[in-house]
Each structure stands twice: as structure tokens, then as C-alpha cells.
Amino acid sequence: MSSVAVLTQESFAEHRSGLTQQQVKVTALNSEEENDPPTYKEAFPPLPEKAPCLEAAQEPSGPWSKIRPIKASVITQVFHVPLEERKYKDMNQFGEGEQAKICLDIMQKTGAHLELSLAKDQGLSIMVSGKLEAVMKARKEIVARLQTQASATVAIPKEHHRFVIGKNGEKLQDLELKTATKIQIPRPDDPSNQIKITGTKEGIEKARHEILLISAEQDKRAVERLDVEKVYHPFIAGPYNKLVSELMQDTGTRINIPPPSVNKTEIVFTGEKEQLAQAVARVKKIYEEKANSFTVSSVSAPSWLHRFIIGKKGQNLAKITQQMPKVHIEFTEGEDKITLEGPTEDVNVAQEQIEVMVKDLINRMDYAEINVDHKFHRHLIGKNGANINRIKDLYKVSVRIPPDNEKSNLIRIEGDPQGVQQAKKELLELASRMENERTKDLIIEQKFHRTIIGQKGERIREIREKFPEVIINFPDPAHKSDIVQLRGPKNEVEKCTKYMQKMVADLVENSFSISVPIFKQFHKNIIGKGGANIKKIREESNTKIDLPAENSNSETIVITGKRANCEAARHRILAIQKELANITEVEVSIPSKLHNSLIGAKGRFIRSIMEECGGVHIHFPTEGSGSDTVTIRGPAQDVEKAKKQLLHLAEEKQTKSYTVDLRAKPEYHKFLIGKGGGNIRKVRDNTGARIIFPTSEDKDQELITIMGTEEAVKEAQKELEALIKNLDNVVEDSMVVDPKHHRHFVIRRGQVLREIADEYGGVMVSFPRSGTQSDKVTLKGAKDCVEAAKKRIQEIIEDLEAQVTIECTIPQKFHRSIMGPKGSRIQQITRDYGVQIKFPDREENPAPVAEPALQENGEEGGEGKDGKDADPSSPKKCDIIIISGRREKCEAAKEALQALVPVTIEVEVPFDLHRYIIGQKGSGIRKMMDEFEVNIQVPAPELQSDIITITGLAANLDRAKAGLLERVKELQAEQEDRALRSFKLTVTVDPKYHPKIIGRKGAVITQIRTEHEVNIQFPDKDDESQAQDQITITGYEKNAEAARDAIMKIVGELEQMVSEDVTLDHRVHARIIGARGKAIRKIMDEFKVDIRFPQSGAPDPNCVTVTGLPENVEEAIDHILNLEEEYLADVVDNEALQVYMKPSSHEESKAPSKGFVVRDAPWATVNNEKAPDMSSSEDFPSFGAQVAPKTLPWGPKR
């Protein structure tokens, strides 16, 4: 290789792209011109050497001189807003609220980028990045909107104002931008010379200084500038600028001292020459006096120790400043020094004290800095700072975590060296744990959140216990969010996600809902005694079933769960209704286009048909299904009636339908309908029109709709209007009612009168006040209503006249069961028979029968003094139920009450069957009691009695007894079957055959057990007391014998088997066994033999045992020997190839591409014309020993 440097074409082309054609000689490198490459200097022009000081101003020569320097277009400036000048001082909402909104607005307006941070003194530091113009504009906006504004005036001669404004106001605008203030200059016609400056304190000072400088330059008087160190300016100005003001007044000279915020040391004097010289001399004198008695010194101290030197609330520093008040101590953030200014003696003393303090802190304090991704900072801090406060208290350290807006990863720990190391270790462990964590958002509909959480958080507690490392956060219900956040280790979060997604899928699947209309009278049958029926349906169908409240008019039962389960539950509920009543179901075909008009607005029309036809249920198919089938369900007679009406209406709708609306007061509706719908039915029959009244749910309670053919509707309208007109004709009438009956009408807050008013068009019935002996009752309302109400009152009076009271004696212990749940049975009897039933008060502590009751004064109870007249056979007061009403109705009600009295019968059941009848945890007996609505009492086990007592209604007793006896028969049959099934048989089999009888994973024995329906028990190997060769078979005798024969057949086959050892080279074992033993299993199944290979470490690694029938063993051995021969040939070939195989292909290095070649390179010497050889160990010596190439288990790569 010649003495050349190698460079790729691309990199050289990129390099010379910045140079001109004249400066670089381009040499084309192709196959023909390889012998003449460019020189190194041509390819790489040298940089200019450092010019001498005198020629520094000259432009550097050489090819690089033409390349223009690049200036950054983006600048960054930091502005500071002190705490006292901040507009928004709410520390709790830093980075939020109005302040953040203003910053965003400034960024949008100016195009500059803003970053806010809080300084130690709670001042606001704002870093603004962007183009110069944008930064200046942003600064002005920041000052105007985030800093409190002040104002000041400066007086300069009127003729100097134009120089402050500048050409086209450019100078004024520039000044406003630089100082971030608003400068108001009086108009030319205004005689005032005062210029008003508005802005921050710092900005005002800067603007004032600049304006005075402009004015001074324009002044014809002498101007002198005196350079005085910034530190002495306050001494020249004096407190509140008093000293400089006096000096200006005495000399008549204007003295301009730059404000502290302006980094200038020049003091400008303007005035008459003599006075000016006098002023300069006095200022110099002040400066010299102070310079001689004033010292500026510094103490070296790491910046992180500054806050410890200052101390809590400045306590440490206060001790020094109190002793030496003239010393000014300044700490500069980020600098490792402390500056002291003041009288020389005081400064020296303070310096010594601070140096001692610094030395002590360095000896006993340490710090550490760790990098933790800023996204984990809030988790390190913990809720309300719990984590970080614990670490601070535990290790006695200070931990400084940067605020979120800084996006910094650096955490600083300061304090005791040992504590710092421990805190560092714990924080790094926490951070490491969090890096392995992940956060995942699950979208779960908010309606499922409450279900997932469960009552009192039970279900979410279970999930959290299952995944303890995962934090599950649900959104606030008020936010209406569907996002549930999971955070924790990646694997655990994934598992928890899958678990919760499955739970949600189940919830979605189980949230299908279906409504089933069931006649109200059958709801109690669907519920069953003590809710038994409904509970059973819920459990078996795994659905949620909601029934309407007892006092509700709704007949709809709502079923919720999986679709298939809901359908099954619906079918069962309808079956109960069908079984209890003569319920039929009819399907009618009506064109789907007519369905909406038949249903009517909000179902008014179809509801009127259902009510008229005895409350049948009419079900239309869902809209859009395209089905014409309408289902009618109910009693056969009513269903037929509804069917005729529907078909008739459908026919009318298809031909011609006409509708008219009428209005009538809601209180008239009941009277228009009439008792049992008699009045309205009469109008319908006469005219053939359908009249629909509003339901309680309808908004317009006065609207009555008439539908049908035009002729029928008009006729019905005429009749109804006449009725309504009569009702509007209010009359007043009276009738005579015996005062003894008045109470019946007005008791229970006038319930009877309210019922009359509702039924008869809101007629007002007024009874005389109690205490007056009047019998006159006044009625006011529509004439027809008043007449009907009078007739009804007369009927009630007749009932009251004919009313009798009879007694029904039933022992008190049965009263509760007669009343039924919530008094439902007794309410039903009072409704059915129109009577009143009064139960006696309960006797709390009934006296024993044998002992006579004593009165309070000690005399014996009874009507007579001696109590002898009392009849022992007479019923007790607490057993007498009083029934009031018409005699015939009272007698019927009495019979109904007596029929409800429970009766007890006894049934003989063998004692040994009692526990089976009771069932597990009483489930068997409970099921029977719910099914037959009776109480079944089983005697206590210690009584050894066979008698079971059944208590209940006479109608239910026979069914219950028959059911119990049927159960006894079943149990006896089961006992007999159990006895037959417990036949035992013992088989003697050599233990060495047991594994073969059991089979692989119990396959053989399981097949025998299943096929013959028996239980087969093998002896326990660990129990020495058991005979190890006995196998026990339990089951039906016939089955046990068949199982024994099957086992003996296997044993017979095993006894015929032989075992032979064959020598197979161990190198082919793996090939014969195959992947996961697949190949060897195939051989064993094919030849019906068992093949055992030697374990690792066996004395003879080549010995393989084959077991089976002699002929099968021979065939299997032949087969595996053939395989050995075939596989061994491959093994030998591979080993032979290994010898000739090259060690590694990596050792052959490809010849390097020449790339770009240059002549006269720096490394080329006179003696050696070659470039350094990279493959030479002499030119490029290796570090350490050579690493051997890694050999793969399958040999080298081909």
C-alpha cells in the first residue's frame, strides 16, 4: 500500500462544499487516474495561524477567509420579578391559574418561549428564548402584566423632548422596549416639561437614567464623566438620595448616578464649568474617604452550604450582622464565594467568623446528587409529601427536588454524610422500582364503576388483594370520565388489566334486560312463600329479577342478566302464570306499518284496548324488525275479545280512520267512564267509536280522544259533549242522613267522601259539623253526578243499617299466619266480602290455665268477687276476632278466616331417613316447606321418634303429606341401591404389576373404573400394616366381578411379558427418543412394548431395556438396532467433518476498500513510504490477551 490517507468520497464532497472552486483543485478519482491522487494540503487546506497582535485587526488570509461567521438567531434572557413586585403571589398555585394563562397568551402573541421558576426569595425568574425582537416584546408584556406598576416623573428642558422621541418615535420605542416601561412625553402645545414613566421600580430607574443622559448630551453646558466603583455609589447618593440632592442644589450642577440595576460605573456631571469642577471635587472627596475606610473581601464557601450559613430564617447570619451592622454580606447564587463589604476592621472580624462556620460545616456536612427522571418526582414526594418527609426525618437530611416546570432530573441531598448516603440509596431504590412500573389507562363505562367497586368497596378490595402491587384509581363520579388508571409493575398491570377487562365483559354480557308483563294477581305466586319461588328462579337462571312495588299499578317484571338466562327466566315466569290461570297466548298478523297508529301517542290507544279487555297483555314487535306478528296474552275470553277489536281497528285504519279530540275536567272522567266502564261502553256500543281517556302519566289530563270512522266519531262526540255539558251545569241538593251514620263518612280523613267525589265527577258532599244535631247533608256538582252520588250514599246507609257484628274465635297463636305477610290475606278478605275485621290486642304474658288471675288489689279475677261464676269453657278475649258488615257477608268472611287456620297432622317416617329429609344445612326440608307452603317439624335426634308433624292450611296438607311420603320412597330406594353398590371384592396382584394396571397418569385404571362403574383402591405403599398385594374393588356385585376379570386379564398379559437388554450407542439415544419423547412413544405404541433408557451416571450408558411379549420385544429390538446403524453413520460423518472444519469465518478479513486516496500525508516519511498497517500488531498493539472465538454447540456456522 502506498503512503496515502483514506477518506470516503461522501465525506470529502461534504467537506469541500463550503470552499470556492478557485481555492480547491478537484481531482477526479477513477480507475484510470489512481496513480495521481491529490495532495493532502490540496484536499485539506490548513487553518490560518494565529496572527501577531498588530495584525489582529486584519482579515485572516487563506481559503477559510471567505466563509462567513454564523450568528445565533435565537437569544435567551432571564428577567427577575421580586416578591414585593409580583402581581400574583399565591404560592399554592404556582404554574396554575391566571399567571399561567398570561404566560401562554404572551407566548402566542410574541412567538417567544417562556419558562417560569421560583427563586429562594420567592421572586419570579422568567427565562425568555427567541429572536431578539420577540424577546424584547415578551419582556415588555411580562413587566406590564406580571409586575406591579409604579410611576415617576423626570423634568428635562422642553427643547430636549424631541431628542428623547427620536426620528419617527423610534428612539422612544427602543427606550420603552429596553427598559420595559411606558414613557409619556407631554404634547408640544403643553407647557409642562415633566416626562411620566410607568413600569417597575427597576425599569423606571433605567428609563430615568437614559432620559437624563440624552438631556445632558444636548445641554450646551460642560459635561464630565467620573468613573467610580459601583459599591461606592450608595455613599455618594446618601440615604434616599439626600446627599446628591444637596450637592446638586449647592453647586447648581446636575449629577446623574446610574441606578443599581444598570451595570454602569460612570457618574455624569452637567453644568457651568466652575460649579461642575466644585461638584466633581466634592464627589471625589467622598469617594476617597470611603475607599480608605471601606474594604471589600470574599470568603470561599461551596454554594450548596450558603443556606446552612444563613440558617433557618437567617438566624446564623443575624448573629454576625447584629454585632457588625455596617458590614454588608452578599451571597451570589451559583458562586462558591461570599462577598463582605464594610469598614475594614468589621469586615475582618466577620470574615473570621464566617470562615470558622464554613470549616465546621464542611467537616460535618456532605451532599450527593442523583439523576431521577422528572416524571417520577411526584411519586418520590408522595401524597402531601409523605414519602419525602419520611426520608428527611429518618435520615436527618435535606432533599431538594426541582419543580415540575424545570423538567430537571437532578435531585440534591444534603446533610449528615451517613444520612446522605442512606437517603441516596433509598431514593435510587424507589426510582429503580418506579422505572419498572408502568401506567395504563383502561376505558370502562362509568355506569360499571360502582359495580366494580362493590358495596362498601368489597369487590375492589378483592381485586387489590389479588394484585397488591397495582394501584387502581377510579375517576371522580362528578367528572363523568370513563378512564380507570392502573399503575404498578408491568407484568402485574397487564394481569390486572386482563382480569378487569374480563370482569367488564361479564358485566356487559350480564346487563341485558327484558320486561315481562304478568297479571298483578299472580305476582305473589311468582314470589312464593318467603320469596322461595323467585329466589329459586334467580339462582337457577343466574339473573336479577325486579318486581314492581305492591302499591304500584305496574305489572311489568324486569329481568337482567345474560340474554339466554333472561329468556329462560322469562319462560319460567310465564309458565307459572299459565299454570295458575286459564292464560292463553294468541298471535295476530297486522301489517307493521299500522303498528304505530294502533299503539297511539305514548301507548294511549293500545292501553285503552288492554284495559277494556280485562287487562290482557298485547305485545308488538320491536320497531324496524319488519315482523307483522302481534302477541296477545291473557284469559281465553278476554284474548279473543282483544283479538277481534285489534283486527277490526286494523281494518278501519286501512280503510279510513278519523280522530277527534274533546276536553273535559279530569274529575268528570270517572263519571263519564262509569262504574266498571259501563257509561263509556254504552257510548261505544251505540256508536262503534273508540274513546281514549288520559292516563295518570299523560301531561294533558283534560284531553279525550275519539277514534273510528267519521260517522261513528261524530256521533260519539255529540253524545259525550252532551254529557260534559250536563256535568258543567252545577246544582246544589241536599238529603237526610241519620247523625249516627255521619262518622262512617268522615272517618279516616273523609276517605269515603273522597271515593264518592272521585267516582262521581268531583261532586262536593258536606256533612254538618260534629256537635250539631243536624241530619242535613249538602251535595254540590253536576246534576247527574249529584243524583248518582245521592244514590250511592243511600246504598251505604242501607248497608250500615243492615250491618251486624259477629265473633269468630280463633286461638291467638294462629292470628299472625291468618293475617299473612303485611296483612295481605286479611286485606283480601275485607275487599272480597266488603266487611271490616278487627283483631284483638295481643296478650303479652298469658297466665297459666291452672292458676286464677289476680287483680291489682289482690282479689281473685273474674266478674264476681269470688270468681266462681266465670265459665272455664268460655273463649278468651285475645282469641275473639270481630267481623262487621251484612250478615251473609260476615258469615262468608268467617268461613274464609277459619279456612286460614293452620291444621297439624302427623306422618310416620323411619328415624334413619330424617337426616336425608332435612338435607344439607336444612336445604331439603326448606325446599318442601316452600313448595307446599306448610311448616314441617322433625323431632330432635335424642328423641329417636319416627313421627314428623306437618302444620299448614288444610288445602295444602294433603299435598305436603303426599310429597313427604314420595320423598321417603325415593330415600328407601336409594338406601337399597347403596347397599347393592357397597359390595366389596379383593384381588391379589403382585405389587410389581400395580404401575402397569394404573397406567400412564392413571389412564388404564380410570378406564376400568368408568367402564364398570366401580371404585378400585390400591394399597398405600407407606402403610406397612396393609397387605401390599391386595387390590379392593367396590360396586355392584356384577360390575365388581367384571372389573376383577379386566384386571386379571392385564395381569395375565404382564406375566407373559419378557425383558431384554440391548446395547445401543449412547450417542444415538437422543435421536431415537426424539423431541419430547415423541419418536420413542411412537415405537412403543407401534410394537406394544416398554423401552427404558439408562439415566445419566448409570454404570453402562449404552444399556437399553425392552419389555413386552416375546415376539413384540424381538421386533422392537430389530427396529431400534436398524435406527442405531442409520443414526450412527450420521454421527461418524459429522465427527469426521469437524476435523476439517475451519475454526471461524471471522478470521478472514475482507480487503478494505480504498476509499479516497491522497498524497504527501503527514504520516508519510522519507524512509517509510507506507501508511500504517491496521492489521499489524506492531503498528497497532492489542490490549491484554486475545479472546478465543466462541464455539457453538452445533459446530461452526456454515
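Conventions used here
Residues numbered from 1 in each chain as written. Predicted model: local features only at pLDDT ≥ 70, side-chain atom pairs only at ≥ 80, totals over all residues. Heavy atoms only, no water. Helix = DSSP H or I, 4+ residues; strand = E, 2+ residues; numbered from the N terminus. Contact = heavy atoms within 4.5 Å. Areas by Shrake-Rupley, 256 points an atom, 1.4 Å probe, with all protein chains shown as cover. Buried < 20%, exposed > 50% of the residue type's maximum accessible area, 1.4 Å probe, protein only. Phe/Tyr/Trp six-rings, centres within 6.5 Å; stacked < 30°, edge-to-face > 60°. Lys NZ or Arg CZ within 6 Å of the ring centre and 35° of its normal. Axes fitted to C-alpha atoms, helices over the stretch in contact; angles between N-to-C directions. Parallel < 35°, antiparallel > 145°, perpendicular 65-115°, else oblique. Left-handed = near helix turned anticlockwise from the far one by under 90°. Nonpolar A, V, L, I, M, F, W, Y, C, P; charged D, E, K, R; others polar. Pairing = 2+ DSSP bridges. Salt bridge = Lys/Arg side-chain N within 4 Å of Asp/Glu carboxyl O. Patch = residues over 30% accessible without salt bridge, like charges linked within 9 Å, V, L, I, M, F, W, Y side chains within 5 Å. Lys, Arg positive; Asp, Glu negative; His and termini not counted. Charge placed at Lys NZ, Arg CZ, Asp CG, Glu CD. pLDDT = per-residue confidence, 0-100.

Chemist: Help me understand the overall build of the chain in this model?
Modeler: Scanning the chain from N- to C-terminus turns up 42 helices and 44 strands. Of the contacts formed within the chain by residues at least 6 apart in sequence, a portion of 68% connects residues at least 24 apart. Summed over all atoms, the accessible surface of the chain reaches about 76500 Å², with 49% contributed by carbon and sulfur.

Chemist: What exactly am I supposed to notice about the environment of Glu333 here?
Modeler: When you line up the elements, Glu333 lands in the loop between β12 (328–331) and β13 (337–343). Since its relative accessible area comes to 69%, Glu333 is described here as exposed. Considering only alpha carbons, one finds Glu333 and Ala119, 214 residues apart in sequence, at a separation of 9.8 Å.

Chemist: How should I be thinking about the environment of Arg570 in this particular structure?
Modeler: Within the secondary structure, Arg570 is located in helix α22 (residues 563–580). As a C-alpha pair, Arg570 and Val558 span twelve residues in sequence and 9.3 Å in three-dimensional space. Contacts of Arg570, omitting those with residues within four sequence positions, involve Ile514, Val516, Ile559 and Arg633.

Chemist: Got a minute to help me understand the packing of aromatic side chains in this structure?
Modeler: Aromatic rings in a pair are described by how distant their centres are and how their planes are angled relative to each other. Per the stated rule, a full pass over the model turns up three aromatic pairs. Ring centres of Tyr232 and Tyr287 lie 5.2 Å apart, and the angle between their planes is 80°; this geometry places the pair in the edge-to-face category. With Tyr232 in the loop between β8 (222–227) and α8 (233–237) and Tyr287 in helix α10 (residues 273–293), this pair connects stretches of sequence that are 55 residues apart. The class for Tyr232 is buried, based on a relative accessible area of 7%. The ring of Tyr367 carries Arg412 above its face, with NZ or CZ at 4.0 Å from the centroid.

Chemist: Would you mind showing me how to read the packing of helix α35 (residues 923–932) against helix α36 (residues 954–981) here?
Modeler: Relative orientation and spacing of two packed helices are given, respectively, by the angle between their axes and the distance between those axes. Look at α35 against α36: their axes get within 10 Å of each other, and the N-to-C directions meet at 150°. For the element pair α35 / α36, the angle class is roughly antiparallel. Between α35 and α36 lies a crossing whose hand is right-handed. Contact with α35, carried on its side by Met928, Glu931 and Phe932, involves Asn956, Arg959, Ala960, Gly963 and Leu964 of α36 and no other residues of that element. Each residue belonging to the contact of α35 with α36 can be placed in one class, and the counts come to four nonpolar, two polar and two charged.

Chemist: How should the sheet that holds strand β6 (residues 182–184) be read in this particular structure?
Modeler: Strands pair in a sheet through their backbones, by hydrogen bonds, and they do so in one of two ways: parallel or antiparallel. Pairing in this open sheet of three strands is antiparallel, and the strands run β5-β7-β6 from one edge to the other. Where the open sheet ends on each side, the last strands, each with one partner, are β5 (150–155) and β6. For this sheet the average axis-to-axis angle between neighbouring strands, irrespective of direction, equals 20°. For β6 and strand β7 (residues 194–199), the ladder comprises three bridges, and the chain directions are antiparallel. Looking at β7, one finds that Lys182 is bridged to Thr198.

Chemist: What's the story with the sheet that holds strand β10 (residues 266–271) in this structure? I'm lost.
Modeler: Within the open sheet, the three strands sit side by side as β8-β10-β9. Their pairing is antiparallel. Looking at the sheet topology across the chains shown, the edges are occupied by β8 and β9 (254–256). Pairwise comparison of adjacent strand axes, ignoring direction, gives a mean angle of 20° for this sheet. In the sheet, β9 pairs with β10 via three bridges, with the strands oriented antiparallel. By the bridge assignment for β10, Arg254 is matched with Thr270. Contacting β8, β9 and β10, helix α7 (residues 201–218) runs over the sheet at an angle of about 135° to β9.

Chemist: Could you clarify how one ought to interpret the environment of Leu361 in this entry?
Modeler: On the secondary structure map, Leu361 appears in helix α13 (residues 344–364). With relative accessibility at 5%, the residue Leu361 sits in the buried group. Once the C-alpha coordinates of Leu361 and Phe308 are considered, the two residues, 53 residues apart in sequence, prove to be 8.0 Å apart. Once residues lying within four places of it in the same chain are set aside, the contact partners of Leu361 are Leu305, Phe308 and Ile309.

Chemist: Just to check I follow, could you spell out the pattern of salt bridges for this structure?
Modeler: Any two side chains of opposite charge can pair, so long as their charged atoms come close to each other. Scanning the model with the defined rule gives 29 salt bridges in all. In this structure, Glu426 and Arg390 form a salt bridge, with 2.6 Å as the shortest nitrogen-oxygen distance. Here the residue Glu426 occupies a position in helix α16 (residues 417–435), and Arg390 occupies one in helix α15 (residues 386–395), the gap between them amounting to 36 residues. We classify Glu426 as buried; its relative accessible area is 15%. When the shortest N-O distance is used, the salt bridge between Arg1044 and Asp1045 registers 3.6 Å. Arg1044 gets classed as partly exposed once you look at its relative accessible area, which sits at 29%. Judged by its relative accessible area of 46%, Asp1045 is partly exposed. Beyond isolated ion pairs, a larger network of salt bridges with shared partners links Asp105, Lys109, Glu141 and Arg145.

Chemist: Before we go on, may I ask you to explain the side chain of Asp1065 in this structure?
Modeler: Here Asp1065 is to be found in the loop between β41 (1058–1063) and α40 (1069–1073). When near neighbours in sequence (up to four residues on either side) are disregarded, Asp1065 contacts Asn1102, Glu1124 and Leu1128.

Chemist: Just to check I follow, could you spell out a positive patch on the surface for this structure?
Modeler: A cluster of basic residues, Arg1000, Lys1001, Arg1076, Lys1078 and Arg1081, forms a positive patch on the protein surface. Within the fold, Arg1076 resides in the loop between α40 and α41 (1078–1087).

Chemist: Sorry if this is basic, but what is going on with the side chain of His209 here?
Modeler: Among the secondary structure elements, His209 is positioned in helix α7. Residues contacting His209, with those up to four places away along its chain left out, are Asn256, Ile257, Pro258, Pro259 and Lys264.

Chemist: Could you clarify how one ought to interpret the confidence of the model for the chain in this entry?
Modeler: Atomic detail in the predicted coordinates should be set aside for any region of low pLDDT. Averaged over every residue, the pLDDT of the chain is 78; residues scoring 70 or more account for 85%. Across residues 50–66, where pLDDT falls below 50, the model places 15 contacts with residues more than four positions away in sequence or in other chains. Contacts of residues 1184–1188 to residues separated by more than four positions or lying in other chains number zero contacts, the stretch itself having pLDDT below 50.

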